[in-house]
Amino acid sequence: MTRSGQSHILAIGGGSFRPSPRYSFVEASGLLRYGLDLTGQDRPKLGLLATAMGDDSAWILKMYGAFAGWDVEVSHLTVFPMPNVPDPRAWLLEQDMIYVSGGSVANLMALWRLHGLDEALTEAWRAGVVLSGQSAGALCWHVGGNTDSFGPELRVWADGLALLPYSCGVHYDSDPQRRPLLQQSVASGELPGGYAADEGVGLHYVGAEFIQAVSVSPGGYAYKLEHDGAGGVKELRIEPRVLTP
């Protein structure tokens, strides 16, 4: 397998999948096509992780269906009731792209660490496997952000893998709690400065450097947050590159 030698992360604020005309199915959006293109493979191997959803079998099945008709080899990794592959580390390193679903980021990180997937994913990233995901699957690569893992009232969370030394905001334009809490936690120093994404917007990093935002949502933006030096926060709106939905 030949890889580019670069480490890519695509952190998606929302909009990885869209409703399908097929009853109870979803389709993968252009954000995931963008991620797969980063692999440089004609028929990439895509590994799905739904740890944050408790390895929900119905959602895993929907994700498989979302790639019907795509030239991609799809498989998945679960940890309930035990890992479904003999060697999870080897499986992760065999993939060209990993996609992590939304759900509970706090539970996701606890289980990844319990099973050694945190170290294996770090190794895969350094080896050039594209890491991607939405919501919990976006937060996990950063230092932290805010989460509803503990209830409907969001809490600040700073226990991510920290492959990216930033905070992350997801669902930035659809959940009214997200923006003010992230701004407050960056201003207070509880979280480092970072990046946020509206629905339909992805944040693309090469190594630990933010490269660009991409979007399948008209009017969707990304944002950079940093301390203003006076106890507050500056938020800079970033115009994304628009993709085919």
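The structure this text deals with has already been given above.
Read on for a plain summary of the structure. Treat the numbers as computed from the prediction; the structure is a model and nothing was measured.

So, about the pattern of salt bridges. It is possible for side chains of opposite charge to pair when their charged atoms get near one another. All chains considered together, the criterion is met by 9 salt bridges. The residue Asp71 makes a salt bridge to Arg43 at a minimum N-O spacing of 3.0 Å. Of the two residues, Asp71 sits in the loop between α2 (57-66) and β5 (73-77) while Arg43 sits in the loop between α1 (30-37) and β4 (45-49), which places them 28 residues apart along the sequence. Exposure remark for Asp71: the relative accessible area of 46% places this residue in the partly exposed category. Through salt bridges with shared partners, one network takes in Arg43, Asp71 and Glu73.

The next point concerns helix α5 (residues 117-126). Within α5, 7 of the 10 residues are buried, which leaves it mostly tucked inside the rest of the structure. Among the residues of α5, Leu117, Asp118, Ala120, Leu121, Thr122, Ala124 and Trp125 are the ones counted as buried. Structurally, α5 contributes buried residues whose contacts are with β1 (8-12), β5, α3 (88-94), β6 (97-100), α4 (105-115) and β7 (130-134). Residue Gly128 follows α5 closely and has a positive phi angle near 100 degrees.

All right, on to the environment of Lys234 then. Following the sequence through the fold, Lys234 ends up in strand β15 (residues 233-238). Taking relative accessible area as the criterion, Lys234 reaches 42% and is therefore assigned partly exposed. Residues Lys234 and Arg126, spaced 108 residues apart in sequence, show a C-alpha to C-alpha distance of 31 Å.

Reading guide: rules and limits
- Residues numbered from 1 in each chain as written.
- Predicted model: local features only at pLDDT ≥ 70, side-chain atom pairs only at ≥ 80, totals over all residues.
- Heavy atoms only, no water.
- Salt bridge = Lys/Arg side-chain N within 4 Å of Asp/Glu carboxyl O.
- Helix = DSSP H or I, 4+ residues; strand = E, 2+ residues; numbered from the N terminus.
- Buried < 20%, exposed > 50% of the residue type's maximum accessible area, 1.4 Å probe, protein only.
- Contact = heavy atoms within 4.5 Å.

Nothing here speaks to function; it is all geometry.
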